[in-house]
Amino acid sequence: MKNLSPVERSFFGNSNRKEPTSKIPYIVVENFPKLGFFTALRFLEWVGENPEGVISLPTGKTPEYFIRWVNHLLGNWNDKSLTTLRHDNGLTLKNKPALNGLHFVQIDEFFPIDPKQHNSFFHYVNEYYIKGFGLDPKRAQLINSSQIPTVENLPLEFIFPDYRVDLSLRYRDCSKELECRQQATIFMVDQWCSEYEQQIREKGGIGFFLGGIGPDGHIAFNVRGSDHNSTTRLMETNFETQAAAAGDLGGIEISGNRLVITIGLTTITANPAATAIIIAAGEAKAEIVKESLESDPNIRLPATAIQQLVNGRFYLTRGAASNLTDSLDEYYFEGKWVPEKTKRSIIRLTQKLNKYGHHLTVDDLKSDRYCSQIPNLNDKTVAEVLVDLVSKIDRGLDLPVDQRIYHTGPHHDDIMLGYAPQVMHLVRTPRNYHHFSILTSGFTSVTNAYVISVLSETLKLLQGGLIQMTNYPDFFESGYKFKRDKDVYHYLNKIASRNPAGQKRGLCHRVVRALVEIYAIDSKNELASKIGDVITYLENCYDGEKNPSKIQRLKGMIREFEEELVWAHLGVRVQDVSHLRLGFYTGDVFTEQPDRKRDIPPILEQLRTYKPTVITLALDPEGSGPDTHYKVLQAIAEAVREWQKEADINDLKIWGYRNVWYRFNPADADIIIPVSLNSLAVFQSMFLESYLSQKEASFPSYEYDGPFSDLAQRIWVEQHQQLELLLGKDFWYQNEHPRLRASHGLIFLKELTVTEFLKMARNLEKSMEGQIS
C-alpha cells in the first residue's frame, strides 16, 4: 500500500494479507485490544511529527484500549520491554512525544445536556483526554452546552423544560412565548455551530481524526443520509444511533428525544493532508464495514466520505473485516481446503441465488467464484452438505438424559434469549438436573423510572397494611431471608389467574426483602422512610447517572427476581438459580478484567458442587456483543481449567449459544434445535410476564425497536428460513417427525469438548496478552 507510515507498514506486514482492493485502505489486527495498541502507536507517531497539530478523538467504549495504551506507553516510556515493543512495531521515536502542544477538537455532544454530568462527552474528553493525556485545556475546543448562548441568557432547562428540542421551529412560526424562546435559542445554537466550524478551519482543519463506526455507518453523529459536505450542526439522529446511545443517557426514552451537536463530514475531510482513521471491532460490524470500504461515495454510507483523503484508513479486527471481498478471497483461495469451506460456500450460494439447496446444479457451483474451488466437485457435493445439516437437526431432536446441565448467562435474560425453547424440552424429564447461574448483577439495564414506580407501589401497599409479612416479630431480624420461593409462587399464581395487581404485590414483597437486606432495616417505619429516601434520591438523579452501590444492588436484585420467575415457569426451584454478582461488573465506562482471586472462586465452587456434565455459555465473537460476554467466558474457562486439576472432566461438553448480538453461520453450528409456534408463544409470555423491567425495551438493540424477545424470535425465524432455502419447505411440512412439522424457528448451538473449549479460550487469552489492566 502507498503512503503508509512506519507503524502502519509494520502492522500491515504482520497481518500477512495482500494489498487491499477496497476504495479505502485498511489494515487488520487480531482483536480489540491490539486494535487499541496499533492506534495508540500510530497516534504517537503522528504527534511526534506534528507536536502542535489538531486532533479529534472519540468517546464511549470504542477508544478504551487506545486510551489505555497511550497512557501506558507515555507513562513508561523508558521501560526497556516497552521500548523494544515500540521499535518492533515501527515506532522509533527517540524522545517521548509531548502532547501539551496539541490542539484538541471535541467531535460531538448530546444537546441539551449538563456538561457536569458524567455521561456528557464534555466530561469524558476532560477526564480521559485533557487530564488523562495532559493536553493543554487552553488549546481545547470543546462543546460545553452551558456556555452556548441562549435567548436572554436563560438556562437551557428553562428554555427546554423537558429537554426536547423541536427543530421544526427553524422553518415555522412560533405560536407561544416558550416556543419563541426556543426558536430564538435554536438559531443561536446554529450560529454557535457555524462559529465552531470556523474556528476549526482557522486552525487549518483537523490533522488527526480517530473515530468509530456506528451500526448504521455513522461517523461522529453523521448518521446514514448525512451530506458529505456537512459541517458542524445541531441535528436529530436515527433509531440505530439512539439505541447505541441509550446506555449513556439512561434509556431509549431519553436518547430517542435528545438531539446532538456534531462536527460534519467535511469538517473531517477539509484538511487534505489529514490522517483520518476509522476503527471497528467484531463481526457485528462486518457488513457495514464491507459496504463502507467497497462502495463509491454515497450519503447512505457516511464513511465513504474519507475516500478523498490520501491518509484515510480503516483499522479493523479480523471479525470486522470478515465480510470483505478480500477476506473471502483469502479464506477460499488460500490454505488447505477443508469441509467447512464447502459448507460455507454452498450455504452462501443458496442465499446469493435465492435457490433451494436441492435445486442447485453442478453448473451453478462451477459458475460461482468460491464453490468452483470445491475439490472433486460432483452431483453429490450439495447432497452431502444437506445430509450434514439434517444430522445437526437430528441432534437437536435427540434430547439428552441423565445429564447435569450448568446453564450460565453473562446477564439476566441471556440464557432465555439464547435457547429458552430448548430448556423447555430439557426440563421435562426429571432425569436431568439443571442449575442456572447468572454471573453479573445486571443493574445497568434497570431504569430509575422503573425502580421509582416499583417503590411507589411498594410504599402504597406497605402503608395499606398489605405486606403482611412485615408484621411477623422476627421478620426484620431473620424472617426476610426465608420464603423467597413463596414470592415467586405467588407471582406465578397471579399470572395464571390474570391478576396484574397480585403480580405487583408479589414483586413488592421481594423488593421489601431486598431493601431490608441491603439497608439492614429493623422496623416498618424505617422501611417506609427508606423507601421514601430512595425514591427522592432517584427522582433527583439525572438520566444515566451512575448510582451508588446500594442502589445498584437493589436494581440487580430486581433483575434476579425476574430471572427466578422465568425458570420457575418450568418448575425450576429458586435454590437452583444462582446470582454470582462477579466483581468486575461495575457500571463504569471501562469495566475491569475478571480478577483471578475474586471472580474465579465462585464459579469454581459451583462446578465442584453441581459437577455438571454440560456447561452452556454465551459464545459471542470478540467485539460483537457486550464485553461482559467475553469476560464471563474467560472467567468460566479459568474455573474449568482449575476444576480439571481436581476431577476427570474429559466427558464434559460445552454448549455455546448466541442471542441478539450475533448469530452462528449454519456451518458453525453443531446442534440445530426446532422451535414451534407453541414454544414461541410460551417464550414471549415468559419474557414479558417476568422481565418487567425490560418490557419497555429501554435499552434495545439497534436492530429492533422493541423488547429483546421479539428480536430473538425474529432471529430464530430467519434461521429457519435459511434452512428452508437449503433443505426445501417440504422437508419441514412433510417430515415424519412432528417437531419438525411444527417448526417455524431454529436455534443454533455449537458443541465443544472441554479440550476444544479451553484451547479456544487460551487462544483468545493469548491474543489479548499485553492489554493494559
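Structure: above.
Right, let's walk through the structure included here. (Residues numbered from 1 in each chain as written. Predicted model: local features only at pLDDT ≥ 70, side-chain atom pairs only at ≥ 80, totals over all residues. Heavy atoms only, no water.)

### Here we look at the pairing of strand β11 (residues 404-409)
Next, step 1: Burial within β11 is extensive, with five of its six residues counted as buried.
Next, step 2: Handedness of the crossover joining β11 and strand β12 (residues 433-438) through helix α16 (residues 414-426): right-handed.
Next, step 3: As judged from the three bridges shared by β11 and strand β14 (residues 614-618), these two strands associate in the parallel manner. Along β14, the bridge assignment pairs I405 with V614. (Buried < 20%, exposed > 50% of the residue type's maximum accessible area, 1.4 Å probe, protein only. Helix = DSSP H or I, 4+ residues; strand = E, 2+ residues; numbered from the N terminus. Right-handed = clockwise from strand over helix to strand, strands pointing away. Pairing = 2+ DSSP bridges.)

### Thoughts on the packing of aromatic side chains
Next, step 1: Inspection of every chain in the model, using the stated rule, returns 33 aromatic pairs.
Next, step 2: Ring centres of F37 and W69 lie 4.5 Å apart, and the angle between their planes is 50°; on these two criteria the pair is classed as tilted. In this pair, F37 is assigned in helix α2 (residues 32-49) and W69 in helix α3 (residues 64-75), connecting sequence segments 32 residues apart.
Next, step 3: Put simply, the rings of F43, W46, F66, F104, Y124, Y128, Y129, F133 and F208 pair up and form one aromatic cluster.
Next, step 4: The ring of W77 has R86 lying over it, and the distance from NZ or CZ to the ring centre is 3.6 Å. (Phe/Tyr/Trp six-rings, centres within 6.5 Å; stacked < 30°, edge-to-face > 60°. Lys NZ or Arg CZ within 6 Å of the ring centre and 35° of its normal.)

### Description of the state of the cysteines
Next, step 1: Applying the stated criterion across every chain, the model contains one disulfide.
Next, step 2: C174 shares a disulfide with C180; S-S distance 2.2 Å. Since a negative S-S torsion denotes a left-handed disulfide, the C174-C180 link at about 85° is right-handed. (Disulfide = S-S within 2.5 Å.)

### Notes on helix α5 (residues 121-131)
Next, step 1: What α5 keeps buried is the set F121, F122, Y124, V125, N126, Y129 and I130.
Next, step 2: Considering only its buried residues, α5 is in contact with α3, β3 (103-105), β4 (108-111), β5 (140-141) and α8 (239-249). (Contact = heavy atoms within 4.5 Å.)

### Some words on the nonpolar core
Next, step 1: Core analysis: the largest hydrophobic core is formed by 62 residues, its most contacted members being L365, I603, I636, V640 and F757.
Next, step 2: Take this core: its biggest share by element is eight residues, from helix α23 (residues 627-644).
Next, step 3: Those residues in contact with L365, other than ones at most four positions away along the chain, are I346, L349, L360, C371, S372, I374, L377, T381 and V382. (Core = buried A, V, L, I, M, F, W, Y, C linked by side-chain atoms within 4.5 Å.)

### A look at the sheet that holds strand β1 (residues 26-29)
Next, step 1: Read from one edge to the other, the open sheet built from seven strands follows the order β1-β10-β9-β6-β2-β3-β5, with strand pairing classed as parallel. The open sheet has two edge strands, β1 and β5, and neither has a second partner.
Next, step 2: Bridge analysis of β3 against β5 gives two bridges, and the strand direction is parallel. The residue of β5 that forms the bridge with F104 is A140.
Next, step 3: Contacts from helix α11 (residues 286-294) reach β1, β9 (275-280) and β10 (311-317) within the one sheet, and its direction differs from that of β10 by about 155°. (Axes fitted to C-alpha atoms, helices over the stretch in contact; angles between N-to-C directions.)

### Brief notes about the sheet that holds strand β16 (residues 671-676)
Next, step 1: Pairing in this open sheet of seven strands is mixed, and the strands run β13-β12-β11-β14-β15-β17-β16 from one edge to the other. Of all the strands in the sheet, just β13 (577-579) and β16 have a single pairing partner and so form its edges. Neighbour to neighbour, the strand axes of the sheet diverge by 25° on average, direction disregarded.
Next, step 2: The pairing of β12 with β13 spans three bridges and is classified as parallel. Residue pairing in the sheet places S437 in a bridge with S578 of β13.

### Quick notes on empty space enclosed by the protein
A probe matching the size of a water molecule, rolled over the atoms, marks out where space remains unfilled.
Next, step 1: Inspection of the entire model under this criterion finds four cavities of 30 Å³ or more.
Next, step 2: Taken as a whole, the largest cavity encloses approximately 80 Å³ of empty space.
Next, step 3: Taken together, G418, R658, N659, Y662, R663, F664, I715, W716, Q719, I747 and F748 make up the full set of residues lining the largest cavity.
Next, step 4: Secondary structure elements with two or more residues in the lining of the largest cavity: α25 (708-727) and β17 (743-753). (1 Å grid on protein atoms, 1.4 Å probe; cavity = no way out; pocket = protein on both sides within 12 Å on 5 of 7 lines; lining within 4 Å. Points joined across faces, edges and corners; volume = space filled by probe spheres on them.)

### Brief notes about α23
Next, step 1: Spanning 18 residues, α23 covers 26 Å between terminal C-alpha atoms, matching the ideal 26 Å at 1.5 Å per step.
Next, step 2: Most of α23 is tucked away, with 15 of its 18 residues classed as buried. (Expected span 1.5 Å × (residues − 1).)

### Brief notes about the environment of L41
Next, step 1: Secondary-structure assignment places L41 in helix α2.
Next, step 2: Taking the relative accessible area as the measure of exposure, L41 reaches 0% and is therefore buried.
Next, step 3: Along the primary structure L41 and V70 are separated by 29 residues, whereas in three dimensions their C-alpha atoms are 7.6 Å apart.
Next, step 4: When sequence neighbours within four positions are dropped, the list of residues in contact with L41 reads V7, F11, L73, R86, N89 and L91.

### Quick notes on unusual backbone geometry
Working note: non-glycine residues mostly have negative phi, and peptide bonds are mostly trans.
Next, step 1: Cis peptide bonds are those with omega within 30 degrees of zero, and the linkage from F111 to P112 qualifies with -10°.
Next, step 2: Position of P112 relative to the elements: it lies in the loop between β4 and α5.
Next, step 3: Here D413, not a glycine, exhibits a phi torsion of approximately 85°, which is positive.
Next, step 4: If you trace the backbone, D413 turns up in the loop between β11 and α16.
Next, step 5: For A520, which is not a glycine, the phi torsion comes out positive at approximately 50°.
Next, step 6: Residue position: A520 is located in the loop between α19 (500-519) and α20 (524-539).
Next, step 7: Residue A520 is classed as exposed on the basis of its relative accessible area of 59%.

### Let's talk about the pattern of salt bridges
Next, step 1: Applying the stated criterion across every chain yields a total of 47 salt bridges.
Next, step 2: Note that R369 is salt-bridged to D329, the shortest N-O span being 2.6 Å. With R369 in the loop between α14 (362-367) and α15 (381-397) and D329 in helix α12 (residues 325-333), this residue pair connects regions lying 40 residues apart in the sequence.
Next, step 3: Classification of D329 by relative accessible area gives buried; the value is 16%.
Next, step 4: A single salt-bridge network, built from bridges that share partners, covers E8, R42, E45 and R313. (Salt bridge = Lys/Arg side-chain N within 4 Å of Asp/Glu carboxyl O.)

### Some remarks on the environment of V446
Next, step 1: Relative to the helices and strands, V446 is located in the loop between β12 and α17 (448-463).
Next, step 2: Separated by 216 residues in the primary sequence, V446 and S230 have C-alpha atoms spaced 37 Å apart.
Next, step 3: With residues near it in sequence (within four places) discarded, V446 still touches V451, K555, R559, S693 and F699.

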